[in-house]
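Results of the structural survey
Take a look at the letters that make up each chain.
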Amino acid sequence: MAVRIAVLPGDGIGPEIVREAVKVLEVLNKRFDLDATWEEAGIGGAGFDEAGDPYPEATRVLAHASDAVLLGAVGGPQWEALDKPLRPEAGLLGIRADLGLFANYRPTKVHSQLLDASTLKPAVIDGVDILVVRELVSGIYFGQPRGTDTVDGERRGYNTMVYRESEIRRIARKAFEAARLRSNRVCSVDKANVLEVSEVWRSVVIEVHQAEFPDVELSHMYVDNAAMQLIRNPRQFDVIVTGNLFGDILSDEASMLTGSIGMLPSASIGEQFAMYEPIHGSAPDIAGQDMANPLATILSVAMMLRFSLNRSDLAEMVEKAVEHTLDAGVRTADLAFAGEPVVSCSAMGDAVCSALEALA
Ligand code: IPM
Ligand code: MG
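Throughout what follows, the structure given in this document is the object of discussion. Keep in mind that what you see is a predicted model, and the values were worked out from it rather than measured.

**A look at the overall build of the chain**
Looking only at helices and strands, one finds 12 helices and 12 strands in the chain. Overall, the chain is about 60 × 50 × 45 Å in size when its C-alpha atoms are taken along their principal axes. The burial tally for the chain puts 51% of its 360 residues in the buried class. Of all intrachain contacts in the chain linking residues separated by at least 6 positions in sequence, the fraction that spans at least 24 positions is 74%. Accessible surface, the chain: about 15,400 Å² in total, of which carbon and sulfur atoms supply 51%. Each charge sign in the chain was given a centre, from 32 positive and 52 negative side chains, and these centres are 4 Å apart.

Structure (structure tokens):
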């Protein structure tokens, strides 16, 4: 029976990068034995323009009826003046919450071919292989109360960083489970020297560790130190588990170890649903110019094959095709260093497809 994929291109470079990822799915259908169908729907600004809602009902229905969701990116200056619930970001947070996608996996692997593309020294980043496990549907992104008001004649804004024990326990379990399949080390990142929410976070992580995963090595780090250590000595990390806001920030930082934020895929997984998206944003400044890097989205398809479609074999093929493309020196603008020739987004997609066909 064919697997069903909901394809949500979104805004900015979203449609361009998703188009290349869909080309890869087409090759897998035609030349390998994937049996996938897909249907597109609006999300973010595109959802608002189509249906007046950044997470339209039709998109919700499609996502619920699919085996997996592939998302591009959301956001752009033309929607910034809208009321908060109508903005593109509300659509992304809306679908994450609606599908219960509490575990966000962001693998940061340095590709040896791109050692020189990083702003850090090759000797520091060679061999880096980190998995950031970010809690995705709670924390300060969703905590109540939140809002803006006026106090003593001045404007005030506030949010609440809150975690319940059950929310910490389930993300901690995912991190320990992931670590067992890797180098068996988890570093939990918090701000327990200042924040009560982090005190609870840390004690629950310790409890889960002692009760269920004593074989995994657990350490704790304050988020400011973690930000520094990621640059100082990134190879010390295996799995990093952290809350929504810290994970958002640290995963962008970690992405630069690989040379470009355009390389990082992600998987967001809940009890019933899963969504795959690059960690980068919609890059409105380069949208429509066919110059974005589609590899993060293509690698997100690999994660989808592995985690939702039960096709690790095909996931490996896609990852291999990306490696071969990088081996051949094909570079989008974000990956090229001084004077290297660059290819367009669509040419990068084509190159990966040819490399994939060569593996068939
Ligand atoms: C990400 C993005 C989103 C987030 C934005 C677009 C709302 O930065 O997926 O990391 O903050 O989660
Ligand atoms: Mg982010």
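Past the structure itself, the notes keep going.
**Let's talk about helix α7 (residues 196-212)**
Given 3.6 residues to a turn, an α-helix orients residues that are three or four positions apart in the same direction. End to end, α7 covers 24 Å across 17 residues, agreeing with the expected 24 Å (1.5 Å per residue, within 8%). Of the positions making up α7, those classed as buried are V197, S198, W201, V204, V205, V208 and H209. All buried residues of α7 fall inside an arc of 135° around its axis, so they share one side. Relative to its buried face, α7 has exposed residues pointing more than 90 degrees away, namely E196, Q210 and A211. Lining the buried residues of α7 we find β5 (129-135), α6 (165-180), β8 (185-190), β9 (217-222), β10 (239-242) and α9 (244-255).

**Description of the site of ligand 1**
E89, L92, R96, R106, R134, Y141 and D248 make up every residue found near ligand 1. Within the side chain of R134, one N or O atom sits 2.9 Å away from an oxygen atom of ligand 1. The fraction of the free accessible surface of ligand 1 (320 Å²) that becomes covered by protein chains is 79%. The element best represented in the shell around ligand 1 is helix α4 (residues 88-98), accounting for 3 residues. A per-class count over the shell around ligand 1 returns 2 nonpolar, no polar and 5 charged. Both of domain 1 (1-106 + 263-360) and domain 2 (129-256) provide at least three residues apiece to the shell around ligand 1.

**Quick notes on the packing of helix α10 (residues 295-307) against helix α11 (residues 312-327)**
Look at α10 against α11: their axes get within 7 Å of each other, and the N-to-C directions meet at 160°. Regarding the angle of α10 to α11, the classification is roughly antiparallel. In this structure, α10 meets α11 at a crossing whose hand is left-handed. Contacts from L295, I298, L299, A302, L305 and R306 of α10 reach α11 at S312, L314, A315, E316, V318, E319, V322 and L326.

**Some remarks on the sheet that holds β5**
A sheet is described by the order of its strands in space; here 10 strands give the open sequence β2-β1-β3-β12-β11-β4-β5-β10-β8-β9, paired in mixed fashion. A single partner strand is all that each edge strand has here, and the edge strands are β2 (36-40) and β9. On average, adjacent strands in this sheet sit at an angle of 25° to one another, irrespective of strand direction. Bridge count between β8 and β10: 4 bridges; the pairing is parallel. Looking across to β10, one finds that V186 is bridged to V239. Sitting on the sheet, α9 is in contact with β4 (103-109), β5, β8 and β10, with an inclination near 155° to β5.

Procedures and definitions
Residues numbered from 1 in each chain as written. Chains lettered and ligands numbered in written order. Predicted model: local features only at pLDDT ≥ 70, side-chain atom pairs only at ≥ 80, totals over all residues. Heavy atoms only, no water. Helix = DSSP H or I, 4+ residues; strand = E, 2+ residues; numbered from the N terminus. Buried < 20%, exposed > 50% of the residue type's maximum accessible area, 1.4 Å probe, protein only. Contact = heavy atoms within 4.5 Å. Areas by Shrake-Rupley, 256 points an atom, 1.4 Å probe, with all protein chains shown as cover. Lys, Arg positive; Asp, Glu negative; His and termini not counted. Charge placed at Lys NZ, Arg CZ, Asp CG, Glu CD. Expected span 1.5 Å × (residues − 1). Arc of directions from axis to C-beta. Near = heavy atom within 4 Å. Polar contact = N/O pair within 3.5 Å; in protein donor to acceptor, adjacent residues only side chain to side chain. Nonpolar A, V, L, I, M, F, W, Y, C, P; charged D, E, K, R; others polar. Domains from an automatic or database assignment. Axes fitted to C-alpha atoms, helices over the stretch in contact; angles between N-to-C directions. Parallel < 35°, antiparallel > 145°, perpendicular 65-115°, else oblique. Left-handed = near helix turned anticlockwise from the far one by under 90°. Pairing = 2+ DSSP bridges.

Structural measurements only, silent on function.
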